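Residues per chain are reported as follows:
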Amino acid sequence: MKDRTEAALAWLRRSIEAGGGRGSAHSYSLLRGWAEPYPETTGYLLPTLLRHADRNGDESLRQLALDCLSWLCTQQLPSGAFPGGLAGTGGDAAAGAAC
């Protein structure tokens, strides 16, 4: 089980690094590679990254999560919502929690 968990976390790390460490990529395509960061899925990943960092003393995952959180705060709209869609595409607002 540990090998699978580590492989999944490595994939998540790559999805974040592909977007310059800002947020997790929306998706991966064999033809196009990594998509732009996606605020919604980035937010979903934060508890997983932080939980794993706490359980295993992995400070690099904790820092990755904090970097993603910082990026999410730059994406938040004045209304408190987050833009829908991929980062930088100007998608419609989606409800979200305030930073």
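Quantities reported herein were computed from a predicted structural model and do not represent experimental measurements.

Criteria and cut-off values
- Residues numbered from 1 in each chain as written.
- Predicted model: local features only at pLDDT ≥ 70, side-chain atom pairs only at ≥ 80, totals over all residues.
- Heavy atoms only, no water.
- Phe/Tyr/Trp six-rings, centres within 6.5 Å; stacked < 30°, edge-to-face > 60°.
- Helix = DSSP H or I, 4+ residues; strand = E, 2+ residues; numbered from the N terminus.
- Buried < 20%, exposed > 50% of the residue type's maximum accessible area, 1.4 Å probe, protein only.
- Core = buried A, V, L, I, M, F, W, Y, C linked by side-chain atoms within 4.5 Å.
- Contact = heavy atoms within 4.5 Å.

### Some points on the packing of aromatic side chains
Centre-to-centre distance and the angle between the planes together describe a pair of aromatic rings. Tallying each qualifying case throughout the model produces two aromatic pairs. Ring centres of Trp-11 and Trp-34 lie 5.3 Å apart, and the angle between their planes is 55 degrees; this geometry places the pair in the tilted category. Remark: Trp-34 occurs in strand 2 (residues 33–34) and Trp-11 occurs in helix 1 (residues 2–17); sequence separation between them is 23 residues. Relative accessible area serves as the criterion here: at 39%, Trp-11 is assigned to the partly exposed category. The class for Trp-34 is partly exposed, based on a relative accessible area of 27%. Taking 4.9 Å as the distance between ring centres and 65 degrees as the angle between the ring planes, the aromatic pair formed by Tyr-28 and Trp-34 counts as edge-to-face. With relative accessibility at 44%, the residue Tyr-28 sits in the partly exposed group. An aromatic cluster is present here, built from Trp-11, Tyr-28 and Trp-34 joined pairwise through their rings.

### Thoughts on the nonpolar core
Counting 14 residues, the largest nonpolar core has Leu-9, Ile-16, Leu-46, Leu-49, Leu-61 and Leu-72 as the members making the most contacts within it. For this core, the secondary-structure elements that each account for two or more residues are helix 1, helix 2 (39–56) and helix 3 (59–75). With six residues, helix 3 is the largest single contributor of residues to this core. With sequence-adjacent residues up to four places away left out, Ile-16 is seen in contact with Gly-21, Arg-22, Gly-23, Ser-24, Leu-49, Leu-64 and Cys-68.

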